[in-house]
Amino acid sequence: MNFANDDFIQHLIEQYDYLLTSIRGFDTKKKLHEAKRMATTVRVLVHDTKHSTSILTHLRRKNILFCNSSIKEKMTQPDGSIIINPMQKPMYYEEVDLNGVQIYPNLDSNKHNESFITFDYWWNKDIILENGKGDKFTRKDIVLALSNKDGGAHVDVELTKSYGELTRGVSTGETFQKGTQLPEPIKNPHLYTMRQITYEVITTLNEEFEEFEELK
């Protein structure tokens, strides 16, 4: 039996609802591992391979424009001075107090500067995280690493060196030192980046489909 368009719409609604459930767990209960389920859901929605077809492709809607909420920091200032920052993090920000560093996804804080871009650029080309060693990550890199290798839908025995170091904060170039304790790396930038990717996907779907009103 072949699926009809209405069947794929129902699957779309279900995946959207999965995202809402995951972000509630992430935001209110601080269940950071929900980022892995977000990644798996986003993969089902948008990622095509030789052996699997995304829901948006089934619906013939892969040509829609996707929300781009990343904040690209200008390294060269108007006076000619240059900002030296060990890590580029366009999808989240950090707050520091005496107890440590807290990471927050940007969410809609950059709403007035958001743009909508082609899927190919959004997924494959736009750099949304760069660590202190110069390793660059696209949305595709983060989503597929979380879903295919790091526990979303599958766990690999080995992660790529760049991604593995990123998850543990080893490669970020940023540390926090409390009192006389040894400096500790700032961990999990990939999970907060995934939370912001999810914000973008939900914003995109809200723009393109009317079926989600009852779920908001």
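Preceding block: the structure.
In short, a report on the structure. (Residues numbered from 1 in each chain as written. Predicted model: local features only at pLDDT ≥ 70, side-chain atom pairs only at ≥ 80, totals over all residues. Heavy atoms only, no water.)

1. With respect to the overall build of the protein
Short version of the rule: Secondary structure is summarised from DSSP: a helix means a run of H or I of at least four residues, a strand means a run of E of at least two, and numbering begins at the N terminus for each. The contact definition used throughout considers only heavy atoms, calling two residues in contact when any of these lie within 4.5 Å. Accessible surface area values rest on a Shrake-Rupley calculation with a 1.4 Å probe, where residue burial reflects the displayed protein chains alone.
Secondary structure assignment for the protein yields seven helices and eight strands. Partitioning the contacts of the protein with sequence separation of at least 6, the portion at a separation of at least 24 is 62%. As displayed, the protein has an accessible area near 12,100 Å², and 50% of this comes from carbon and sulfur atoms.

2. Regarding the packing of helix α2 (residues 34-46) against helix α7 (residues 189-208)
Short version of the rule: Think of each axis as a best-fit line through the C-alpha atoms, taken over the contacting stretch in the case of a helix, with angles from 0 to 180 degrees between the N-to-C directions. Reported orientations rely on four angle classes, namely roughly parallel under 35 degrees, roughly antiparallel over 145, roughly perpendicular from 65 to 115, and oblique for the rest. Note on convention: near helix rotated counterclockwise from far helix by under a right angle means a left-handed crossing. Clockwise means right-handed.
One can describe the packing of α2 onto α7 by two numbers: an axis separation of 9 Å at closest approach and a directional angle of 40 degrees. Classified by the angle between their axes, α2 and α7 sit oblique to one another. Relative to α7, the crossing made by α2 is left-handed. Here A35, M38, A39, V42 and L45 of α2 come into contact with α7, specifically with L191, M194, R195, T198, V201 and L205.

3. Remarks on the pattern of salt bridges
Quick reminder of the rule: Any carboxyl oxygen of Asp or Glu that lies within 4 Å of a side-chain nitrogen of Lys or Arg is treated as forming a salt bridge with it. Under the scheme applied here, a residue whose accessible area is under 20% of the maximum for its type counts as buried, over 50% as exposed, and between as partly exposed, the area being computed with a 1.4 Å probe on protein chains only.
Within the structure shown, the criterion is met by nine salt bridges. Close ionic contact of R195 with D27 constitutes a salt bridge, the shortest N to O distance being 2.7 Å. Pair noted here: R195 is in helix α7 and D27 is in helix α1 (residues 5-28), with a separation of 168 residues, a long-range link. Residue classification places R195 among the buried positions, given a relative accessible area of 5%.

4. Notes on the side chain of E34
Take E34: it is sitting in helix α2. If sequence neighbours within four positions are ignored, E34 has contacts with S22, G25 and F26.

5. Observations concerning the packing of aromatic side chains
The test is simple: Think of it this way: a Phe, Tyr or Trp ring, Trp meaning its six-membered ring, pairs with another when their centres are within 6.5 Å, and the plane angle makes it stacked under 30 degrees, edge-to-face over 60, tilted otherwise. Any Lys NZ or Arg CZ found within 6 Å of a ring centre and within 35 degrees of that ring's normal is scored as a charge over the ring.
Across all of its chains, the model carries six aromatic pairs by this definition. Judged by centre distance (5.1 Å) and plane angle (55 degrees), the ring pair of F66 and F119 falls under tilted. Remark: F119 occurs in helix α4 (residues 119-125) and F66 occurs in strand β1 (residues 66-68); sequence separation between them is 53 residues. Each member of the pair, F66 as well as F119, is classed as buried. Taken together, a centroid distance of 6.1 Å and an interplanar angle of 35 degrees make the contact between F119 and W122 tilted. Pair noted here: F119 and W122 are both in helix α4, with a separation of three residues, about one helical turn. Taken as a pair, F119 and W122 share a single burial class, namely buried. Grouped by ring-pair contacts, the aromatic residues F66, F119, W122 and W123 constitute a single cluster. Its guanidinium or amino end placed over the ring of F209, R61 lies 4.4 Å from that ring's centre, counting from NZ or CZ.

6. Describing the nonpolar core
The line we're drawing: Nonpolar cores are built from buried Ala, Val, Leu, Ile, Met, Phe, Trp, Tyr and Cys residues. Side-chain atoms within 4.5 Å join them into one set.
Counting residues in each nonpolar core, the largest one holds 44 residues, and the members touching the most others are L12, M194 and I197. Among the secondary structure elements, those contributing two or more residues to this core are α1, α2, α3 (55-58), α4, β5 (127-130), α5 (139-149) and α7. With nine residues, α1 is the single largest residue contributor to this core. In this structure M194 touches A35, M38, A39, V42, I142, V143 and L146, once residues within four positions along its chain are discounted.

7. Here we look at the environment of M194
Secondary-structure assignment places M194 in helix α7. Sequence separation between M194 and A39 is 155 residues; the distance between their C-alpha atoms is 6.9 Å.

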